[in-house]
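Structure assessment
Chain by chain, the residues:
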Amino acid sequence: MNCLMCGVGGQGTVLASRLIADGVMRRGEPVLTAETIGMAQRGGCVVSHVRSGYDVCSPLIPMGQADTIIAFEPGEAARCVPYLKSGATVVVNTKGVMPVTASLGQGYRAEDMLDYLRNLPDIRLLEVDGAALCAACGSSKVLNVVLLTAAAVLGALPIDVDELRRAILERTKPAFHAVNLKAMELTTCALKEARP
(Lines give C-alpha, C1' and ligand atoms only; values in the text may rest on other atoms or scores of the structure.)
Protein backbone atom coordinates (compact mmCIF):
# COMPACT_ATOMS: atom_id res chain seq x y z
CA MET A 1 0.00 0.00 0.00
CA ASN A 2 1.41 3.34 -1.07
CA CYS A 3 -0.16 6.36 0.62
CA LEU A 4 0.93 9.92 -0.05
CA MET A 5 -0.11 12.88 2.09
CA CYS A 6 0.31 16.42 0.84
CA GLY A 7 -0.39 19.83 2.26
CA VAL A 8 1.38 22.89 3.56
CA GLY A 9 3.50 23.33 6.66
CA GLY A 10 1.55 23.43 9.90
CA GLN A 11 -1.42 21.32 8.77
CA GLY A 12 -0.31 18.09 10.46
CA THR A 13 0.80 16.12 7.41
CA VAL A 14 3.85 14.59 9.07
CA LEU A 15 1.90 13.50 12.16
CA ALA A 16 -0.70 11.92 9.87
CA SER A 17 1.97 9.76 8.23
CA ARG A 18 3.27 8.70 11.64
CA LEU A 19 -0.22 7.67 12.77
CA ILE A 20 -0.61 5.42 9.74
CA ALA A 21 2.86 3.95 10.22
CA ASP A 22 2.13 3.28 13.90
CA GLY A 23 -1.03 1.35 13.01
CA VAL A 24 0.81 -0.74 10.41
CA MET A 25 3.70 -1.53 12.80
CA ARG A 26 1.26 -2.70 15.46
CA ARG A 27 0.12 -5.34 12.99
CA GLY A 28 3.70 -6.54 12.76
CA GLU A 29 3.97 -5.51 9.11
CA PRO A 30 6.88 -3.57 7.60
CA VAL A 31 6.36 0.13 6.88
CA LEU A 32 8.61 2.90 5.57
CA THR A 33 7.98 6.66 5.72
CA ALA A 34 9.68 9.77 4.37
CA GLU A 35 8.91 13.45 4.10
CA THR A 36 9.83 15.92 1.42
CA ILE A 37 9.43 19.39 2.83
CA GLY A 38 9.54 22.67 0.91
CA MET A 39 10.36 25.95 2.58
CA ALA A 40 11.44 25.48 6.19
CA GLN A 41 8.50 27.43 7.53
CA ARG A 42 4.75 27.23 7.82
CA GLY A 43 3.18 27.60 4.42
CA GLY A 44 5.76 25.57 2.47
CA CYS A 45 4.64 22.41 0.69
CA VAL A 46 4.95 19.14 2.60
CA VAL A 47 4.65 15.66 1.13
CA SER A 48 4.74 12.58 3.33
CA HIS A 49 5.16 9.09 1.90
CA VAL A 50 3.97 5.93 3.67
CA ARG A 51 4.68 2.54 2.12
CA SER A 52 3.72 -0.78 3.67
CA GLY A 53 4.33 -4.31 2.48
CA TYR A 54 6.98 -6.98 2.40
CA ASP A 55 8.28 -6.05 -1.06
CA VAL A 56 8.90 -2.35 -0.29
CA CYS A 57 12.58 -1.35 -0.28
CA SER A 58 12.43 2.46 -0.62
CA PRO A 59 10.43 4.95 1.45
CA LEU A 60 9.63 7.21 -1.52
CA ILE A 61 6.62 6.32 -3.66
CA PRO A 62 7.49 6.15 -7.36
CA MET A 63 5.48 8.23 -9.80
CA GLY A 64 2.32 6.42 -10.89
CA GLN A 65 2.30 4.06 -7.88
CA ALA A 66 0.25 5.82 -5.15
CA ASP A 67 -2.85 3.90 -4.09
CA THR A 68 -4.09 6.86 -2.05
CA ILE A 69 -3.47 10.58 -1.84
CA ILE A 70 -4.70 12.42 1.22
CA ALA A 71 -4.58 16.11 0.38
CA PHE A 72 -4.85 18.75 3.06
CA GLU A 73 -5.64 21.33 0.39
CA PRO A 74 -6.74 21.14 -3.28
CA GLY A 75 -3.72 22.77 -4.96
CA GLU A 76 -1.32 20.30 -3.38
CA ALA A 77 -3.59 17.45 -4.48
CA ALA A 78 -3.43 18.69 -8.08
CA ARG A 79 0.35 19.02 -7.86
CA CYS A 80 0.69 15.40 -6.72
CA VAL A 81 -1.55 13.83 -9.40
CA PRO A 82 1.46 12.30 -11.25
CA TYR A 83 1.93 9.98 -8.25
CA LEU A 84 -1.51 8.37 -8.73
CA LYS A 85 -2.00 4.99 -10.28
CA SER A 86 -5.17 4.00 -12.10
CA GLY A 87 -8.01 3.25 -9.71
CA ALA A 88 -6.42 5.21 -6.85
CA THR A 89 -8.33 7.15 -4.20
CA VAL A 90 -7.95 10.88 -3.52
CA VAL A 91 -9.29 12.29 -0.26
CA VAL A 92 -9.11 16.09 -0.43
CA ASN A 93 -9.95 18.90 1.94
CA THR A 94 -12.06 21.39 -0.03
CA LYS A 95 -10.66 24.50 1.67
CA GLY A 96 -7.70 25.97 -0.14
CA VAL A 97 -4.58 27.48 1.39
CA MET A 98 -3.02 30.10 -0.84
CA PRO A 99 0.52 29.04 -1.76
CA VAL A 100 3.37 31.51 -1.75
CA THR A 101 3.45 31.61 -5.56
CA ALA A 102 -0.18 32.78 -5.64
CA SER A 103 0.55 35.52 -3.12
CA LEU A 104 3.19 36.77 -5.59
CA GLY A 105 0.48 37.47 -8.15
CA GLN A 106 0.05 34.18 -10.02
CA GLY A 107 -3.45 33.60 -8.62
CA TYR A 108 -5.09 30.58 -7.02
CA ARG A 109 -8.66 29.31 -6.73
CA ALA A 110 -9.34 26.13 -4.78
CA GLU A 111 -12.46 25.49 -6.87
CA ASP A 112 -10.36 25.36 -10.06
CA MET A 113 -8.15 22.70 -8.46
CA LEU A 114 -11.20 20.71 -7.34
CA ASP A 115 -12.66 20.88 -10.87
CA TYR A 116 -9.39 19.52 -12.22
CA LEU A 117 -9.50 16.62 -9.74
CA ARG A 118 -13.17 15.90 -10.55
CA ASN A 119 -12.30 15.47 -14.21
CA LEU A 120 -9.46 12.99 -13.70
CA PRO A 121 -10.22 9.57 -15.17
CA ASP A 122 -9.96 6.33 -13.21
CA ILE A 123 -9.76 7.72 -9.68
CA ARG A 124 -12.12 7.69 -6.72
CA LEU A 125 -12.44 11.23 -5.32
CA LEU A 126 -13.79 12.12 -1.89
CA GLU A 127 -14.15 15.83 -1.14
CA VAL A 128 -14.17 16.57 2.59
CA ASP A 129 -15.35 19.84 4.11
CA GLY A 130 -12.54 19.83 6.63
CA ALA A 131 -13.20 23.41 7.71
CA ALA A 132 -16.77 22.59 8.79
CA LEU A 133 -15.73 19.44 10.64
CA CYS A 134 -12.87 21.22 12.40
CA ALA A 135 -15.24 24.05 13.37
CA ALA A 136 -17.68 21.51 14.81
CA CYS A 137 -14.82 20.14 16.92
CA GLY A 138 -13.71 23.60 17.99
CA SER A 139 -10.17 23.20 16.66
CA SER A 140 -8.47 23.57 13.27
CA LYS A 141 -5.70 21.26 14.51
CA VAL A 142 -7.80 18.11 13.92
CA LEU A 143 -7.79 18.39 10.12
CA ASN A 144 -5.28 15.54 9.86
CA VAL A 145 -7.53 13.26 11.95
CA VAL A 146 -10.58 14.26 9.89
CA LEU A 147 -8.87 13.34 6.60
CA LEU A 148 -7.33 10.13 7.94
CA THR A 149 -10.70 9.03 9.31
CA ALA A 150 -12.37 9.69 5.96
CA ALA A 151 -9.71 7.64 4.18
CA ALA A 152 -9.98 4.82 6.74
CA VAL A 153 -13.77 4.70 6.41
CA LEU A 154 -13.31 4.37 2.63
CA GLY A 155 -10.84 1.54 3.11
CA ALA A 156 -8.13 3.60 1.43
CA LEU A 157 -5.52 3.17 4.18
CA PRO A 158 -3.48 0.14 5.23
CA ILE A 159 -5.20 0.45 8.65
CA ASP A 160 -8.85 0.57 9.66
CA VAL A 161 -10.71 3.07 11.84
CA ASP A 162 -10.12 1.11 15.07
CA GLU A 163 -6.36 0.87 14.38
CA LEU A 164 -6.30 4.60 13.62
CA ARG A 165 -8.04 5.32 16.95
CA ARG A 166 -5.46 3.25 18.83
CA ALA A 167 -2.61 5.06 17.06
CA ILE A 168 -4.09 8.44 17.97
CA LEU A 169 -4.40 7.47 21.62
CA GLU A 170 -0.82 6.20 21.67
CA ARG A 171 0.91 8.89 19.57
CA THR A 172 -0.82 12.11 20.64
CA LYS A 173 -0.80 13.94 23.95
CA PRO A 174 -3.67 13.06 26.32
CA ALA A 175 -4.81 16.70 26.25
CA PHE A 176 -5.76 16.20 22.58
CA HIS A 177 -7.46 12.80 22.87
CA ALA A 178 -11.00 14.10 23.37
CA VAL A 179 -10.96 16.51 20.43
CA ASN A 180 -9.31 13.94 18.13
CA LEU A 181 -11.88 11.28 19.03
CA LYS A 182 -14.66 13.82 18.47
CA ALA A 183 -13.19 14.55 15.03
CA MET A 184 -13.23 10.83 14.22
CA GLU A 185 -16.84 10.48 15.34
CA LEU A 186 -18.11 13.53 13.45
CA THR A 187 -16.27 12.56 10.26
CA THR A 188 -17.61 9.00 10.36
CA CYS A 189 -21.17 10.29 10.89
CA ALA A 190 -20.82 12.86 8.09
CA LEU A 191 -19.67 10.20 5.63
CA LYS A 192 -22.50 7.85 6.57
CA GLU A 193 -25.05 10.64 6.09
CA ALA A 194 -23.56 11.56 2.71
CA ARG A 195 -23.87 8.03 1.36
CA PRO A 196 -27.20 7.12 -0.34
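Since the model is a prediction, treat every value here as computed from it, not as a measurement. (Residues numbered from 1 in each chain as written. Predicted model: local features only at pLDDT ≥ 70, side-chain atom pairs only at ≥ 80, totals over all residues. Heavy atoms only, no water.)

A word on the overall build of the protein chain
A tally of helices and strands in the protein chain yields eight helices and six strands. In terms of overall dimensions, the protein chain has C-alpha extents of about 45 × 40 × 40 Å along its principal axes. For the protein chain, buried positions account for 49% of its 196 residues. Nonlocal contacts in the protein chain, meaning residues at least 24 apart in sequence, comprise 62% of its contacts between residues at least 6 apart. Per element, the accessible surface of the protein chain, about 9500 Å² overall, is 54% carbon and sulfur. In the protein chain, 19 side chains carry a positive charge and 19 a negative one; their mean positions are 5 Å apart. (Helix = DSSP H or I, 4+ residues; strand = E, 2+ residues; numbered from the N terminus. Buried < 20%, exposed > 50% of the residue type's maximum accessible area, 1.4 Å probe, protein only. Contact = heavy atoms within 4.5 Å. Areas by Shrake-Rupley, 256 points an atom, 1.4 Å probe, with all protein chains shown as cover. Lys, Arg positive; Asp, Glu negative; His and termini not counted. Charge placed at Lys NZ, Arg CZ, Asp CG, Glu CD.)

Concerning the pattern of salt bridges
In this structure the tally under the stated criterion is eleven salt bridges. The shortest N-O distance in the salt bridge between arginine 118 and glutamate 111 comes to 2.6 Å. Residue classification places glutamate 111 among the partly exposed positions, given a relative accessible area of 34%. Residues joined by salt bridges that share partners form a network here, namely Glu111, Asp115, Arg118 and Glu127. (Salt bridge = Lys/Arg side-chain N within 4 Å of Asp/Glu carboxyl O.)

Some points on the state of the cysteines
A complete count under the given rule lists zero disulfides for this structure. Left without a disulfide partner, cysteine 80 is nearest to the cysteine sulfur of cysteine 6, which lies 4.0 Å away. On the basis of relative accessibility, which here comes to 1%, the residue cysteine 80 falls in the buried class. The structure places no disulfide on cysteine 189, whose sulfur is separated from the nearest cysteine sulfur, that of cysteine 137, by 11 Å. Here cysteine 189 falls in the partly exposed class, since its relative accessible area comes to 37%. (Disulfide = S-S within 2.5 Å.)

What about helix α4 (residues 110-118)?
Taken as a whole, α4 has its buried residues at Ala110, Leu114 and Leu117. All buried residues of α4 project into a common sector of 60 degrees when viewed along the axis, lining one side. (Arc of directions from axis to C-beta.)

A short note on the nonpolar core
Membership of the largest hydrophobic core comes to 38 residues, with the highest contact counts inside it found for Met5, Ile70, Leu148 and Leu157. Going through the elements one at a time, β1 (2-8), α1 (13-26), β6 (124-128), α5 (130-137), α6 (143-154), α7 (161-171) and α8 (177-194) are the ones with two or more residues in this core. If you tally residues by element for this core, the top one is α6, at nine residues. Every residue in contact with isoleucine 70, bar those within four places of it in the chain, is listed here: Cys3, Leu4, Met5, Cys6, Val91, Leu147, Leu148, Ala151 and Leu157. Counting residues in hydrophobic clusters, the runner-up holds 18 residues, among them Ala66, Ala71, Ala77 and Val90. (Core = buried A, V, L, I, M, F, W, Y, C linked by side-chain atoms within 4.5 Å.)

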